[in-house]
Amino acid sequence: MRRFLCKILLYVLPIFLGAIILELIVEHIPNSYTYKRAYMDRYADSICTLVLGHSCAYDGIDAEILPSAFNLANSSQCFEDDYRLLVKYLPVMDSLKMVVLPVSYSSLQMVSSSNRRAYYTIYMDIYPRWPISKYSFECFNLELLVKKCVKYLLNTDMVQCDSLGQRLGHTMLNRPIDWKETQSLIANDRFVGKSSIPYVTENIEWLHRLAELCENRDVLLYLVAMPMLPDYRSGMPMEQILLMEQVMRSMAQEHNCVRFVDYQEWGNEDDFWNATHLNTDGAKRFSIMLLHDLYNKKSL
Amino acid sequence: MLFNSFEFLIFLPIVFLLYWFVFDYAIRKCKKQLLWQNLFVVVASYIFYGWWDWRFLILIAITTILSFLSGIGIEKAHTQRGKKTVMIANIVVNLGILGVYKYYDFFAEQFAQLFGIESDFLLLHLILPVGISFYTFQALSYSIDVYRKQIQPTHDIVAFTAFLSFFPQLVAGPIERATNLLPQFQRKRHFDYTQAVDGMRQILWGLFKKIVVADNCAAYVDTVFADISTQSGSTLLLAAVLFTFQIYGDFSGYSDIAIGTAKLFGINLMRNFNVPYFSRDIAEFWRRWHISLTTWFRDYVYIPLGGSRPVVPERLKAKGERRAARYIKWIAVRNTFVIFLLSGFWHGANWTFVLWGAYHALLFVPLLVMNKNRRFMDDERQWTDIPRMLLTFVLVVIGWIFFRASDMASCWDYFSGIWQLSLFTLPVVENSLLLWATIAAIIVMLIIEWTKQLPNRWWLYYGLLVAIWWFAGQDVDFIYFQF
């Protein structure tokens, strides 16, 4: 038995030490999560408009245009992440008047993948790191670890967002739509079938909790159906589209503080870098329109 | 919990250390040492299984108690008829539980569609307990083997529960026979260094097949199957081939992890795969693929139905030898269809699985009729066998399309999609680097399986560990968990 245990240790120990070293290195590399956390820790009390949600908002809402706004959205950020972020920061957000939460056809079926959940655990501290779980460390995904370290060593900008949290990068530049990529997106985002039902129920529950948080603080919650290209919409199953619209409308009916605004048909091809995400120019135009609609039409 | 999960990474060492250091070394002199060790196996297995959903434990407990009592009932029954009644009662109840959870909603929907009525009020929406198909069959084999006097019924409920719920093979096999596994829980186990090292190597190999081969194939396959109508013929063909390796890597990888894990505890499980993609014909393929299930159907369905040597009725014997021979052939063909269709249906409540079973039956039957189904019983493959292996491989790939398609319409779309001019274009690949890495992993897998052993080289073990770690971030379920 002793010989067996020694042999196991001989193989496992170098891997274990390598994992610890890589984990320590990668946790010191700045990223959008560490930037946004630092910003929120410092300026949360002065934010009037908070943008939450996933990459559609991360790309598509320019916080510089909205009054005293900050874009706390991030790629694949799900409703549970949004809720926990709001729980953490709401107590110190004395100036908050409005929360903008984008929704898309796959929002109700989305849950955090393990590596993204790890980012919220390690860098934003909204999930407990202990007791230890697969979300407690980044080292479980060697591929991502190595890619991050290599990018950092090549002096790539690891934060990749502007000072108010909107994504920066080559993807945001104007470029022709890749229609094959649109087909891939449609294939990835189609969630029809029994397997997605448990997530839908959970996500609706998280939305209700978000709404209740806002209600208790007298903060308006805008559920924004983000723009997307007609080809993408026509490729999605109608039941999935109707489900999203129905849930958002019923949220607006059930909660006084919730408003549902539908911008699915806004924009043209020049505003997008892919079928569901606005490019830099498109985000500016959309944010200006959002400013007019949300701030001029709402009653404070 | 999954074998390739963080929770299992914590669970297994704790269970292993407690099993040997506490329930073997520490209490070695205790008279009930074996009882305590088996009880620990039961507790650990129930924790493992209950991790999915604690409600699943109720069903496996019911199956355990019923099957245990059936063994005693068969022993105590005075007449043969009484023994048979007890055995049949156990089969009916256990298959009934399996049938309700797995097939009720499917048949209710079919019934509703047939009569054009609303199906919602008919459906029970029961969650399919993980592994129910596997442990139910394992329990049935016990009571049938007791009835056939192939094994003495056990009066040790703890050993029996350990046999039925042993966590390495509980949720996706191998479907163990009581004659092999139960006696191992009835005698003391001693730590064996060679067995344990072999077990670790097998776990490592299984993780490589699952995480590096199967999960990377899944990344491509799932995207293609989600949107068949827009894919080119070559893309569909590539996805079909990758699925062939995905299901093998996934299922045989799981079996390897299960067998390797069992070895760590001094338990030997049966081999479940024997390099099936090097088969020289379909008959050999079915002797090498999911061996525990195919032998189960052979021993408990095919042979009781008469197998390929049924008893010829006297009235037919009187009509001459040729008539009798034709009868024997017809029964063998019928029985072959029965087990292939049942095997297909066992995999899931969908007509595509039945179609898959029927397809393989149609491939197998000509070999049976021509008495060529036992042509390749040896393990000695030559380079000249490669054309046969390739043909068998192509036939198997076609069958997997039925298996993977979500419904009959998708099946038809897939086949008609392959046979178009775009078959002669390059397949669409989003991430060519990942695809080439997957192909390289498949080649490594095939080379090692052709040579039938994992070379004992530390650099190979580190290479496998790093490859597993590289791709471990993906969250992909084992395919056979859905069965």
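Not measured: the values here are computed from a predicted model.

Peer 1: What's the story with the overall build of chain A in this structure? I'm lost.
Peer 2: Looking only at helices and strands, one finds eleven helices and seven strands in chain A. Against the compact-globule benchmark of 19 Å for 300 residues, chain A has a radius of gyration of 20 Å, which places it among compact chains. With respect to the three principal axes, the spread of C-alpha positions in chain A is 75 × 45 × 40 Å. In chain A, which comprises 300 residues, the proportion classed as buried is 54%. Nonlocal contacts in chain A, meaning residues at least 24 apart in sequence, comprise 76% of its contacts between residues at least 6 apart. As displayed, chain A offers around 13900 Å² of accessible surface, 57% of which is attributable to carbon and sulfur atoms.

Peer 1: Can you help me understand the packing of helix α14 (residues 321-347) of chain B against helix α15 (residues 351-369) of chain B in this one?
Peer 2: In a pair of packed helices, the angle between the axes and the distance between the axes together describe the arrangement. Residue and element names in this part refer to chain B. It is at 8 Å that the axes of α14 and α15 come closest, and there the two elements cross at 155°. Relative to α15, the element α14 lies roughly antiparallel. In terms of crossing hand, the pair formed by α14 and α15 is right-handed. Contacts between α14 and α15 involve Lys 329, Ala 332, Val 333, Thr 336, Phe 337, Phe 340, Leu 341, Ser 343, Gly 344, Phe 345 and His 347 on the former and, on the latter, Phe 353, Val 354, Trp 356, Gly 357, Ala 358, His 360, Ala 361, Leu 362, Phe 364, Val 365, Leu 368 and Val 369. When grouped by side-chain class, the residues that make up the contact of α14 with α15 number 16 nonpolar, six polar and one charged.

Peer 1: How do you make sense of a nonpolar patch on the surface when you look at a structure like this?
Peer 2: Together, Leu9(B), Ile10(B), Ile14(B), Leu17(B), Leu18(B), Phe21(B), Val22(B) and Tyr25(B) make up an exposed nonpolar region whose accessible area comes to about 640 Å². You can see Leu17(B) is positioned in helix α1 (residues 6-26).

Peer 1: What's the story with the packing of aromatic side chains in this structure? I'm lost.
Peer 2: The relation between two aromatic rings is expressed through the spacing of the ring centres and the mutual angle of the planes. Per the stated rule, a full pass over the model turns up 84 aromatic pairs over all chains. On the basis of an interplanar angle of 50° and a centroid distance of 4.8 Å, the ring pair of Tyr39(A) and Tyr43(A) is categorised as tilted. Taken as a pair, Tyr39(A) and Tyr43(A) lie in helix α2 (residues 32-43) at a separation of four residues, close to a single helical turn. Ring geometry for Phe16(B) and Phe265(B): centres 6.3 Å apart, planes at 75°, overall edge-to-face. Taken together, the residues Phe16(B) in helix α1 and Phe265(B) in the loop between α10 (233-264) and α11 (282-288) connect sequence positions 249 residues apart. You'll find Phe16(B) and Phe265(B) in the same group, each marked buried. The aromatic ring of Tyr127(A) is capped on one face by Arg117(A), whose charged end is 3.8 Å from the ring centroid. One Lys or Arg, Arg117(A), reaches over the ring of Tyr135(A) and ends 4.6 Å from the middle of that ring.

Peer 1: What exactly am I supposed to notice about the layout of surface pockets here?
Peer 2: The probe, sized like a water molecule, is rolled over the atoms to show the empty space still left. Residues and elements named next belong to chain B. Put simply, the second largest pocket is a space of about 790 Å³. Lining the second largest pocket are 29 residues; nearest its centre among them are Arg 298, Tyr 302, Phe 364, Asn 373 and Arg 374. Of all the elements in the fold, those that place two or more residues in the lining of the second largest pocket are α11, α12 (291-302), α14 and α15. Examining the composition of the lining of the second largest pocket, we find that eight residues originate from one element, α14, more than from any other. In terms of residue class, the lining of the second largest pocket is built from 15 nonpolar, nine polar and five charged.

Peer 1: What's the story with the interface of chain A and chain B in this structure? I'm lost.
Peer 2: A common way to express how large an interface is: the accessible area buried when the components associate. Counting from both sides, the interface comprises 30 residues of chain A and, opposite them, 28 residues of chain B. Contact between chain A and chain B buries roughly 2700 Å² in total, counting both sides, with carbon and sulfur atoms accounting for 69%. Three residues stand out in chain A for area buried against chain B, namely Met1(A), Phe4(A) and Tyr11(A), and they jointly supply 27% of the buried area on that side. Here chain A and chain B share zero salt bridges between them. On inspection of chain A and its partner chain B, the count reaches four residue pairs in polar contact (both at pLDDT 80 or more). It is helix α1 (residues 2-27) of chain A that contributes the most residues to the side of chain A that touches chain B, twelve residues altogether.

Peer 1: Please explain the nonpolar core as it appears in this structure.
Peer 2: Nonpolar side chains in soluble globular proteins tend to end up buried together. Judged by nonpolar contacts, the single largest core of 146 residues is most densely connected at Phe265(B), Tyr277(B), Trp289(B), Trp400(B) and Tyr414(B). For this core, the two domains that each supply at least three residues are domain 1 (6-189) and domain 2 (195-482) of chain B. Among residues more than four places away in sequence, those in contact with Trp400(B) are Phe243(B), Thr244(B), Ile247(B), Tyr277(B), Phe285(B), Trp289(B) and Trp356(B). Counting 94 residues, the second largest nonpolar core, distinct from the first, contains Ala69(A), Leu96(A), Leu229(A) and Met248(A).

Peer 1: Looking at this model, I keep getting lost on the sheet that holds strand β5 (residues 258-262) of chain A. Mind explaining?
Peer 2: Working definition: the strands of a sheet are paired by backbone hydrogen bonds and lie parallel or antiparallel to each other. All names here are of chain A. Pairing within the open sheet is parallel, and its five strands lie in the order β2-β1-β3-β4-β5. Either end of the sheet is taken by a strand with one partner, and the two such strands are β2 (69-71) and β5. Taken over all neighbouring pairs, the strand axes of this sheet differ in orientation by 20° on average, direction set aside. Inspection of the sheet shows strand β4 (residues 220-225) paired to β5 by five bridges, in the parallel sense. For Val 224, the partnering residue across the bridge sits in β5 and is Val 261. α2 contacts β1 (49-51) and β2 of the sheet and is inclined by roughly 155° relative to β2. The strands that helix α4 (residues 79-89) touches are β1 and β3 (98-103); relative to β3, the one it contacts most, it runs at about 170°.

Peer 1: In this structure, what is going on with helix α6 (residues 142-153) of chain A? I would like to understand it.
Peer 2: Structurally, the α-helix is built with 3.6 residues per turn, so residues lying three or four positions apart point the same way. Residues and elements named next belong to chain A. With twelve residues, α6 extends 16 Å between its outermost C-alpha atoms, agreeing within 8% with the 16 Å of an ideal straight helix rising 1.5 Å per residue. Among all positions in α6, only Leu 142, Leu 145, Lys 148 and Cys 149 are buried. Taken down its axis, α6 places every buried residue within 130° of arc, on the same side. Immediately downstream of α6, the backbone of Asn 155 shows phi near 60°, a positive value.

Peer 1: Is there a simple way to think about empty space enclosed by the protein in this case?
Peer 2: All names here are of chain B. Enumeration according to the criterion identifies one cavity of 30 Å³ or more in this entry. Considering only enclosed or pocket space, the largest cavity measures out at about 30 Å³ in volume. Forming the boundary of the largest cavity are Tyr 248, Val 275, Pro 276, Tyr 277, Phe 278, Leu 446 and Glu 449. In the lining of the largest cavity, the residues fall into six nonpolar, no polar and one charged.

Peer 1: I would appreciate a short explanation of the domain arrangement of chain B in the present structure.
Peer 2: Residues and elements named next belong to chain B. Here chain B is partitioned into domain 1 (6-189) and domain 2 (195-482). With 38 residues of domain 1 at the contact, the number on the domain 2 side is 33 residues. Carbon and sulfur atoms supply 68% of the area that domain 1 and domain 2 bury against each other, a total of about 3200 Å² over both sides. Linking domain 1 to domain 2 there are one salt bridge. In this structure, Arg 177 engages Asp 299 in a salt bridge whose closest nitrogen and oxygen atoms are separated by 2.9 Å. Inspection of the region where domain 1 meets domain 2 yields 16 residue pairs in polar contact (both at pLDDT 80 or more). Of all elements in the fold, only α1, α4 (80-114), α5 (132-147), α7 (167-170) and α8 (178-185) reach the threshold of two or more residues within the side of domain 1 that touches domain 2.

The rules behind these values
Residues numbered from 1 in each chain as written. Chains lettered and ligands numbered in written order. Predicted model: local features only at pLDDT ≥ 70, side-chain atom pairs only at ≥ 80, totals over all residues. Heavy atoms only, no water. Helix = DSSP H or I, 4+ residues; strand = E, 2+ residues; numbered from the N terminus. Rg over C-alpha atoms; globule rule 2.2 N^0.38 Å. Buried < 20%, exposed > 50% of the residue type's maximum accessible area, 1.4 Å probe, protein only. Contact = heavy atoms within 4.5 Å. Areas by Shrake-Rupley, 256 points an atom, 1.4 Å probe, with all protein chains shown as cover. Axes fitted to C-alpha atoms, helices over the stretch in contact; angles between N-to-C directions. Parallel < 35°, antiparallel > 145°, perpendicular 65-115°, else oblique. Left-handed = near helix turned anticlockwise from the far one by under 90°. Nonpolar A, V, L, I, M, F, W, Y, C, P; charged D, E, K, R; others polar. Patch = residues over 30% accessible without salt bridge, like charges linked within 9 Å, V, L, I, M, F, W, Y side chains within 5 Å. Salt bridge = Lys/Arg side-chain N within 4 Å of Asp/Glu carboxyl O. Phe/Tyr/Trp six-rings, centres within 6.5 Å; stacked < 30°, edge-to-face > 60°. Lys NZ or Arg CZ within 6 Å of the ring centre and 35° of its normal. 1 Å grid on protein atoms, 1.4 Å probe; cavity = no way out; pocket = protein on both sides within 12 Å on 5 of 7 lines; lining within 4 Å. Points joined across faces, edges and corners; volume = space filled by probe spheres on them. Buried area = accessible area lost by both parts, 1.4 Å probe. Polar contact = N/O pair within 3.5 Å; in protein donor to acceptor, adjacent residues only side chain to side chain. Core = buried A, V, L, I, M, F, W, Y, C linked by side-chain atoms within 4.5 Å. Domains from an automatic or database assignment. Pairing = 2+ DSSP bridges. Expected span 1.5 Å × (residues − 1). Arc of directions from axis to C-beta.

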